[in-house]
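Survey of secondary and tertiary structure
Residue-level listing of the chains:
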Amino acid sequence: MAILSLDEPSVSALKTLGAQAAARGIPLAEHLRALAEWVARVDDAKPALDAEAFARWVAEIGAGGAGIEPLPSDFSRTDIYFDHD
């Protein structure tokens, strides 16, 4: 039998993953496999932007492009926090 030595962040992560698996009623290995498959799908669906592409995207949004409507000229914090005292 092999003995593993894990640091505290790794132990904490494994406990969290184990609790998630238990909450779903599945073994930890199955939960990890499902997470790995999900990450692969997400990574394939959204290619990473390089710095130049990201800068172009931000500039496009700033110019009112990308199908995003600009905020009203009288937009303020009150519009965000209207339901707070």
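Up top is the structure.
First things first, this report covers the structure right here in the doc. (Residues numbered from 1 in each chain as written. Predicted model: local features only at pLDDT ≥ 70, side-chain atom pairs only at ≥ 80, totals over all residues. Heavy atoms only, no water.)

Attention now moves to the overall build of the chain. Secondary structure summary: the chain contains four helices and zero strands in total. Counting from the amino terminus, the chain carries its helices and strands in the arrangement α-α-α-α. The proportion of buried residues among the 85 residues of the chain is 5%. For the chain, the accessible area works out to roughly 7,600 Å², and carbon and sulfur atoms hold 61% of it. (Helix = DSSP H or I, 4+ residues; strand = E, 2+ residues; numbered from the N terminus. Buried < 20%, exposed > 50% of the residue type's maximum accessible area, 1.4 Å probe, protein only. Areas by Shrake-Rupley, 256 points an atom, 1.4 Å probe, with all protein chains shown as cover.)

The end-to-end C-alpha distance of helix H1 (residues 8–24), which contains 17 residues, comes to 24 Å, matching closely the 24 Å that a straight helix rising 1.5 Å per residue would cover. Of the residues one or two after H1, Gly25 is the one with positive phi, at around 75°. (Expected span 1.5 Å × (residues − 1).)

This paragraph deals with the side chain of His31. One can find His31 in helix H2 (residues 28–45). Within the local environment of His31, its side chain forms a polar contact with the side chain of Arg24, the two groups lying 3.0 Å apart. Leave out the neighbours within four places in its chain, and His31 touches Leu17, Gln20, Ala21, Arg24 and Ile26. (Polar contact = N/O pair within 3.5 Å; in protein donor to acceptor, adjacent residues only side chain to side chain. Contact = heavy atoms within 4.5 Å.)

For the structure shown, the criterion picks out one salt bridge. Note that Glu52 is salt-bridged to Arg56, the shortest N-O span being 3.2 Å. Here Glu52 pairs with Arg56, and both are found in helix H3 (residues 51–62), just four residues apart, close to one helical turn. According to the relative accessible area criterion, Glu52 is exposed, its value standing at 58%. (Salt bridge = Lys/Arg side-chain N within 4 Å of Asp/Glu carboxyl O.)

Glancing now at a nonpolar patch on the surface. Where nonpolar side chains cluster on the molecular surface, the patch consists of Leu4, Leu6, Leu14, Leu28, Leu32 and Leu35 and spans about 510 Å² of accessible area. Here the nonpolar patch takes three residues from H2, the largest share from any one element. If you trace the backbone, Leu14 turns up in helix H1. (Patch = residues over 30% accessible without salt bridge, like charges linked within 9 Å, V, L, I, M, F, W, Y side chains within 5 Å.)

With respect to the helices and strands, Ala21 occurs in helix H1. A relative accessible area of 1% means that Ala21 is categorised as buried. Distance from Ala21 to His31, taken between C-alpha atoms, is 5.5 Å for residues 10 residues apart in sequence.

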